[in-house]
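Report on the structure
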Amino acid sequence: GRDTPSRGLRDAQAWVAGRLAEAGVVPVAGLDVGADGFAAPLARYAHLYAADAFGFGEWVAEEVDARGCELVVDGEALVLERDFVPLTSSSEEDPRYRGGASGPAVFCGFGIDSPPEDYDDFRGLELEGAIAVVLDGEPSSGFAGSDVTAESSIWNKLDALVRKGAAGALVVSRHGARYRASRARWMPPDFDKQRAGLPTLVVSEAAAERILGGPVQALREACSEAPLSLERRAALLRPAARVQLAAATRRAPAELLNVVGLVPGTARGAAL
């Protein structure tokens with residue numbers, strides 16, 4: 001894809017520039033693009049977003065702040081950007097998901113309590129002061145038909161964990177521990193200024209298995225059928241690991257590039 005910003009977007013830009021060059025579009029000699037500059041093979045006009053405005057609507061670019069991130073499981077430090085990353089919106093300027101927490105890891109399935117679906121991942125769990133471990137997404141069978149529902153939103157899950165008294169959260173991602181800073185980010189909390197938040201990391205499935213002592217795929221399948229009973233939980237999971245976590249991002253400029261070139265004119269005049 002070409003999420004904004006992302007490597008995919010940069011690859012798409014390079015592809016467009018290459019195809020236009022093949023079609024005879026040429027760089028614009030002496031094109032005045034101001035302080036942003038441009039680069040071969042075609043002029044690439046750069047828009048630098050360094051403040052609160054990110055073009056279409058209000059959005060602030062963020063990146064991982066390694067100085068404020070950690071994940072320690074039973075005394076063993078896991079590796080940033082391999083095993084875990086902070087959740088976006090963990091900056092000093094927007095601290096809802098920033099900071100540190102420690103406590104026993106408690107697996108909470110998909111982190112969903114939905115009376116209409118008669119589905120409650122929290123039944124029988126004590127989360128006060130715990131580090132909640134939740135799967136991303138929602139049950140894949142027998143839940144709200146075939147539509148993806150608001151229950152799958154990570155922000156709604158974290159709101160539920162705040163209400164349950166959790167001290168922090170680990171979100172198990174099917175896509176690995178990849179930091180996502182996007183203008184299209186997971187129904188961002190900017191739409192709801194009342195969210196409280198708690199320190200949150202996104203972790204890989206391998207890291208989750210280190211924490212939980214059970215295969216994540218088996219846990220997904222079991223929770224897709226029904227919330228785990230206490231007996232099923234004991235069969236699939238080891239005793240709770242002790243987790244210490246910290247999440248931090250920082251605001252940073254985001255450079256987005258447009259491709260600019262010239263279609264050479266004929267002898268009758270120049271055509272842009």
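Parameters at a glance
- Residues numbered from 1 in each chain as written.
- Predicted model: local features only at pLDDT ≥ 70, side-chain atom pairs only at ≥ 80, totals over all residues.
- Heavy atoms only, no water.
- Helix = DSSP H or I, 4+ residues; strand = E, 2+ residues; numbered from the N terminus.
- Buried < 20%, exposed > 50% of the residue type's maximum accessible area, 1.4 Å probe, protein only.
- Contact = heavy atoms within 4.5 Å.
- Areas by Shrake-Rupley, 256 points an atom, 1.4 Å probe, with all protein chains shown as cover.
- Phe/Tyr/Trp six-rings, centres within 6.5 Å; stacked < 30°, edge-to-face > 60°.
- Pairing = 2+ DSSP bridges.
- Disulfide = S-S within 2.5 Å.
- Patch = residues over 30% accessible without salt bridge, like charges linked within 9 Å, V, L, I, M, F, W, Y side chains within 5 Å.
- Salt bridge = Lys/Arg side-chain N within 4 Å of Asp/Glu carboxyl O.
- Core = buried A, V, L, I, M, F, W, Y, C linked by side-chain atoms within 4.5 Å.
- pLDDT = per-residue confidence, 0-100.

1. As for the overall build of the protein
- When helices and strands are counted, the protein shows 5 helices and 14 strands.
- Expressed as a percentage of the 272 residues in the protein, the buried residues total 44%.
- Partitioning the intrachain contacts of the protein with sequence separation of at least 6 by distance along the chain shows that 78% fall at a separation of at least 24.
- Counting every atom, the protein has about 14200 Å² of accessible surface; 52% of that belongs to carbon and sulfur.

2. Focus on the packing of aromatic side chains
- If you walk through the whole model with that rule in mind, you get 1 aromatic pair.
- Residues Y97 and W155 carry aromatic rings whose centres are separated by 5.1 Å and whose planes lie at 55 degrees to one another, so their mutual orientation is tilted. Of this pair, Y97 sits in the loop between β5 (84-86) and β6 (99-107) while W155 sits in helix α2 (residues 154-164), placing them 58 residues apart in sequence. W155 matches Y97 in its accessibility class, with the two residues each being buried.

3. Regarding the sheet that holds strand β4 (residues 76-77)
- With mixed pairing, the 8 strands of this open sheet are ordered in space as β4-β3-β12-β6-β9-β10-β11-β5. In this open sheet, the two strands that pair with only one neighbour each are β4 and β5.
- Where strand β10 (residues 168-172) and strand β11 (residues 200-203) come together, 4 bridges link them in parallel fashion. Bridged to V171 within β11 is V202.

4. Focus on the state of the cysteines
- Here the structure, examined in full by the defined rule, presents 0 disulfides.
- With no disulfide of its own, C108 has C223 as its nearest cysteine by sulfur position, at a separation of 9.9 Å.

5. Focus on a nonpolar patch on the surface
- There is a patch of nonpolar side chains on the surface, built from W15, V16 and L20 and spanning about 280 Å² of accessible area.
- On the basis of relative accessible area, L20 is assigned to the partly exposed category, the value being 32%.

6. Observations regarding the nonpolar core
- Residues L71, F107, L170, V203 and I211 are the most contacted members of the largest nonpolar core, which totals 35 residues.
- Listed by contribution, the elements that provide at least two residues to this core are β3 (70-73), β6, β9 (131-135), β10, β11, α3 (205-212), α4 (216-225) and β12 (242-247).
- F107 has contacts with L125, V133, L135, L212, L219, C223, L228, R233 and L237, leaving out every residue within four places of it along the chain.
- Membership of the second largest hydrophobic core comes to 22 residues, among which are L127, V134, W155 and L161.

7. Considerations on the confidence of the model for the protein
- The predicted model of the protein has a mean per-residue pLDDT of 79, with 75% of residues at 70 or higher.
- Here strand β1 (residues 43-49) stands out as the element of the protein with the lowest mean pLDDT, 40, in contrast to β3, whose mean of 98 is the highest.
- Scored below 50 in pLDDT, residues 32-59 makes 71 contacts in the model with residues more than four places away or belonging to other chains.

8. Details of the pattern of salt bridges
- Tallied over the entire structure, the rule returns 13 salt bridges.
- Here D74 and R238 are joined by a salt bridge, their closest N and O atoms 3.2 Å apart. Remark: R238 occurs in the loop between α5 (230-236) and β12 and D74 occurs in the loop between β3 and β4; sequence separation between them is 164 residues.
- Residue D74 is classed as partly exposed on the basis of its relative accessible area of 44%.

9. A word on the pairing of β6
- Sheet analysis places β6 next to β12, joined by 6 bridges and oriented antiparallel. Pairing of A101 across the sheet is with L245, part of β12.
- Of the strand pairs in this sheet, β6 and β9 are connected by 3 bridges, and their pairing is parallel. The partner of A105 across the bridge, within β9, is I131.

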